[in-house]
Amino acid sequence: MARSQRQRWFEGFIEAAVSRPWQVLLLFVVLTAGGMALASRLEFRGSFVELLPQGSREVQDLTRVSEKAGGDGYLVLVARGDTLARLESFAGELQTRLEAMPEVRYVEHRYDVGFFRQNALLLLPVEQLAALRQDVAARVQYERQRANPFFIDLGGTPEPPDFEAIAKKYAPDAPMRETLASKDGTEVYLMIKPSGTAGDLDFARRFVDMAMGTGQALAAERYPGVTLQATGNFQGRIEEDAVMRGDLSRAGMLSALIAVGLILLATRRISALAVVGIPVMVGVVLTFAFAQLAIGHLNVVTGFLVAILIGLGIEYGVHLCMRYWEERRTRPAREAIATAVRGTFGGAMTSAVTNAAAFFVLLLAQFHAFNQFGLLAGLGVLLAVLAAYALGPSLLAIAERLRPARADTAPVKDDAPEVRPEREWRRWPTGVIVALALAVVGFAAFSVTVAPKLGFETDMRKLKGESPASRLDDHVTEQLGQPLNPAIFLVDDVAQAAQVEAVIAEVMQRHGADSALLGSASLNDLLPKDLERREVELAGLRELFQKLDGMAPELIEDAQFQEFRRMVDAKPYGLDALPREVRRRFEATDGQGTFLLLFPSVSNSDTEELRRWAAQIDEVVEGVKARDIDLAVLDSNRIAARIFALVSSDGPLILWSAAAVVFAVILVSLRSLKRALLVTGPLFLGMTCLAGGMYLFDVQLNFINAVVLPNLLAIAVDNSVHLFHRYEEEGPGSLGKVVRHTGLAAVVATLSNAAGYGALLVANHQGLRSIGQIALLGVMCTFLGTTVFFPALLALLERWKGRENVVAGKEAVVQSLELGDSGADRAPPGERKSA
């Protein structure tokens, strides 16, 4: 009863779509217009921070520290094109103009190094200060001996170092260079601290434009030879976002153009563009309207869904159209539409549900970006198939009204004998079919042997690609001798910062040569410590200098000696005495909290080193937590390492879960374990071939393209499903016809899927390009399993069954003849002849 009710509903839907096609089209136009209004508000966020849940500890720390620090990095302006003196003058004037603007918190380019030179002995470790006193005592003793007229130098005692040598030996370097400039003096750097974050791209663009515009205006007014370039976190984020937006836009357009070409090539009908293309557009628009409502933005992983959904979506329309025009050769339009829908709907729904299920498996992932991708892609596939079959029949009916494909003939009577067209294909030799099947199996075996040799791309620079900002960033880092973006720790005060530094020292000592921590910097490094012991040593130095008074007037008048003596007479100072441009780097904007900077000793692009860096930061965090200190960490490299860890742990689970879900959906659809294995076996064989393809073309997995793997299972199974459904519909002996018609549609669908992903090969962003590479390989390899090996397997099974039937038939004939002979022998003589 339920089955007949569904059948009546199905027939009623087809009747409505064919009878009132313009009304159906108008309904979808209104629906799509509303979806476009929502989708137009969807924004793209290229930051890797968007790939983690907002509630994760790393993102919470980043938000908290960014608010306190007034931003998450610097904009670095590089000024060149004039003498060092004029460049420094230009930087000073530009600093004054920029710091007057509300978007700028402060600008660094020059430091009061004289303050730290004067107080150098207050910052020298006490152990070195004691060694300094011994060297000074030896020099004072030497000077006193030389001042004694009765002293005779017999040459047995070596001369101790003079005060200039002592000053060079013990005077510590200033915590920063006096001017941020290149080693050869041809460039001056301004490090601009903004009041916003680089993740807010609207602010970042305004901020960079404002800073560059102000600098260029000043150069035009007073320094005509000076040119400016920008780098740092803000400029890098803007360039990466622009590259990705351009890549995604080009990939979407290219995917659409390739899809148009494939549709025209396969169908040779302009009307097919509307029948296939309009439902795809409806599905994509509605998917992104949902994304706006549910998520509000796209990220680096979900951003390429347009190209993918175009490639996946046209498959359903292609199968429907090609089946329709096949039926239209012998049937009236209305009957051809009904037959095409009935003949392809089951396979389309099975493949769409399989696709969606494989995508929805990504909801199990810990990686937030995979969750969003799986949700949107799964929903997009379902919307695409529903749009294709809700709108496609009406579009076919409209196309027939505007330009009939052929004049409708009278319907064939039910009792008329069915006329079967003669086969137009030739039977392939069994040996050729066996060779094709064995070739695919052989390549799969090769893939198994090379799979352990495949690697995981660990270089972030290769994923992002080169950009002017990244190259300039490397140059400035090399010139200054330290990274521009260290990790930032937030604590309540300098006393807690001192405890954090102690924990960092313990972690560095524990790991020794394997330490990923280069060193730290905080206000504690700029304040005198251990004052009691230090005062003992300084008092001893002052006493030694007093002994020289009146003995060596030429030495006392020496400028180097006088400076050294002023250093000894320096008095301890507190935070308020520190130069403002140094203090503000470590102070929170609201005055509540202080920062500690931690510099890495490893590359920030290699994920293996990033993983080590993040693990050792976690050790520091645990050690600090054990001391009951509330610590927050801002570090983009730590976030990147967290992403890699999530992808590594999610990958195997997601892939195996996707395989299980695909098999389960096919099993439910076909209601037979044997048939489910027959359909999915070639799919898994094709997926195995992917390892060999990656090995031959030197393609590696990374955290961006790994999301494609579960999708490949669902994409590839479509071909097997459609071929098997058509083969069951046509019956034994129809394999040639199935391959010719449905197989051609499968080829077009495969090429459309490949176009959706392959369009990303034009991307400049290496991570997006890697998606196109691995997806293109995957589509081609799974095509070998589902559209080459699977038909070959069906042909071999059919021939094997045919041979069994022939043998069984022969045995039956022989048996019947034997029975006939024995009966004849027993028959009466009159009946033996007739028998």
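In case you missed it, the structure is sitting above this.
Residues numbered from 1 in each chain as written. Predicted model: local features only at pLDDT ≥ 70, side-chain atom pairs only at ≥ 80, totals over all residues. Heavy atoms only, no water.

A. Focus on the pattern of salt bridges. Under the criterion given, the structure shown has 24 salt bridges. A salt bridge links R110 to E88, with the shortest nitrogen-to-oxygen separation between them at 3.7 Å. With a gap of 22 residues between them, R110 in the loop between β3 (104-108) and α5 (113-118) and E88 in helix α4 (residues 84-99) connect regions that are remote in the sequence. In this structure R110 comes out as partly exposed when scored by relative accessible area, which is 39%. On the basis of relative accessibility, which here comes to 23%, the residue E88 falls in the partly exposed class. In this structure, E127 and R533 form a salt bridge, with 3.9 Å as the shortest nitrogen-oxygen distance. With E127 in helix α7 (residues 126-147) and R533 in helix α19 (residues 531-548), the pair connects residues that are 406 residues apart, well separated along the chain. Via salt bridges that share partners, D202, R205, D241 and R245 belong to a single interconnected network. (Salt bridge = Lys/Arg side-chain N within 4 Å of Asp/Glu carboxyl O. Helix = DSSP H or I, 4+ residues; strand = E, 2+ residues; numbered from the N terminus. Buried < 20%, exposed > 50% of the residue type's maximum accessible area, 1.4 Å probe, protein only.)

B. Summary view of the packing of helix α11 (residues 271-294) against helix α12 (residues 305-328). Axis separation between α11 and α12 bottoms out at 8 Å; the angle between their running directions is 145°. For the pair α11 and α12, the sense of crossing is right-handed. For the pair α11 and α12, contact is made by S271, A272, V275, V276, V280, V284, T287 and F288 and by L305, V306, L309, I310, G313, I314, G317, V318, C321 and W325, respectively. Class assignment for the residues of the contact of α11 with α12 results in 14 nonpolar, four polar and no charged. (Axes fitted to C-alpha atoms, helices over the stretch in contact; angles between N-to-C directions. Left-handed = near helix turned anticlockwise from the far one by under 90°. Contact = heavy atoms within 4.5 Å. Nonpolar A, V, L, I, M, F, W, Y, C, P; charged D, E, K, R; others polar.)

C. Region of the structure containing the sheet that holds strand β2 (residues 75-80). On the basis of which strands lie adjacent, the open sheet formed by four strands has the order β3-β4-β2-β5 and antiparallel pairing. Edge strands, defined here as strands with exactly one partner in the open sheet, are β3 and β5 (227-232). With direction set aside, neighbouring strand axes in the sheet form an average angle of 25°. Where β2 lies against β5, six bridges are found, and the strand directions are antiparallel. Bridge pairing links L75 to G232 in β5. Packed on one face of the sheet, α4 meets β2, β3, β4 (187-194) and β5 and runs near 10° to β4. (Pairing = 2+ DSSP bridges.)

D. Structural context of helix α13 (residues 333-360). For α13, spanning 28 residues, the distance from its first C-alpha to its last is 38 Å, which sits close to the expected 40 Å at 1.5 Å a residue. Along α13, the largest kink reaches about 40° and is centred on T344. (Expected span 1.5 Å × (residues − 1). Bend = angle between axes of the 7 residues up to and from the residue.)

E. Layout of the side chain of N371. With respect to the helices and strands, the residue N371 is situated in helix α14 (residues 368-402). With relative accessibility at 17%, the residue N371 sits in the buried group. There is a polar contact of 3.3 Å between the side chain of N371 and the backbone oxygen of L363. If near-sequence neighbours (up to four positions away) are discounted, N371 is found in contact with L362, L363, L364 and A365. (Polar contact = N/O pair within 3.5 Å; in protein donor to acceptor, adjacent residues only side chain to side chain.)

F. Structural context of the packing of aromatic side chains. Within this structure, the stated rule accounts for 13 aromatic pairs. For the pair F203 and F207, a centre-to-centre distance of 5.7 Å together with 5° between the ring planes defines the contact as stacked. Of the two residues, F203 and F207 are both situated in helix α9 (residues 201-222); the distance of four residues between them amounts to about one turn of the helix. Through successive ring pairs, a cluster of aromatic residues spans F115, F116 and Y573. Between K193 and the ring centre of Y74, over which it is positioned, the NZ or CZ distance is 4.9 Å. (Phe/Tyr/Trp six-rings, centres within 6.5 Å; stacked < 30°, edge-to-face > 60°. Lys NZ or Arg CZ within 6 Å of the ring centre and 35° of its normal.)

G. Representation of the nonpolar core in the model. Within the largest apolar cluster, 193 residues are counted, with the highest numbers of intra-cluster contacts made by V136, F304 and F373. It is α14 that provides the largest number of residues to this core, a total of 17 residues. Discounting residues that sit within four places of it in the chain, F373 has contacts with V301, T302, F304, L305, I308, F359, L362 and V707. Membership of the second largest hydrophobic core comes to 30 residues, among which are A91, V188, A198 and A219. (Core = buried A, V, L, I, M, F, W, Y, C linked by side-chain atoms within 4.5 Å.)

H. Representation of helix α15 (residues 430-450). Between its first and last C-alpha, α15 extends 31 Å over 21 residues, near the 30 Å set by a 1.5 Å rise per residue. Taken as a whole, α15 has its buried residues at I433, A437, V440, A444, S447 and V450. Buried residues of α15, seen end-on, are gathered within an arc of 155° and therefore sit on one face of the element. With respect to the buried face of α15, the exposed residues turned more than 90 degrees away are G431, L438 and T449. (Arc of directions from axis to C-beta.)

I. Examining the environment of L77 more closely. For L77, the position within the fold is in strand β2. A relative accessible area of 0% places L77 in the buried class. Separated by 158 residues in the primary sequence, L77 and Q235 have C-alpha atoms spaced 9.8 Å apart. The contact partners of L77, leaving out residues within four places of it in the chain, are L94, V188, Y189, L190, I192, A211, M212, L228, Q229 and A230.

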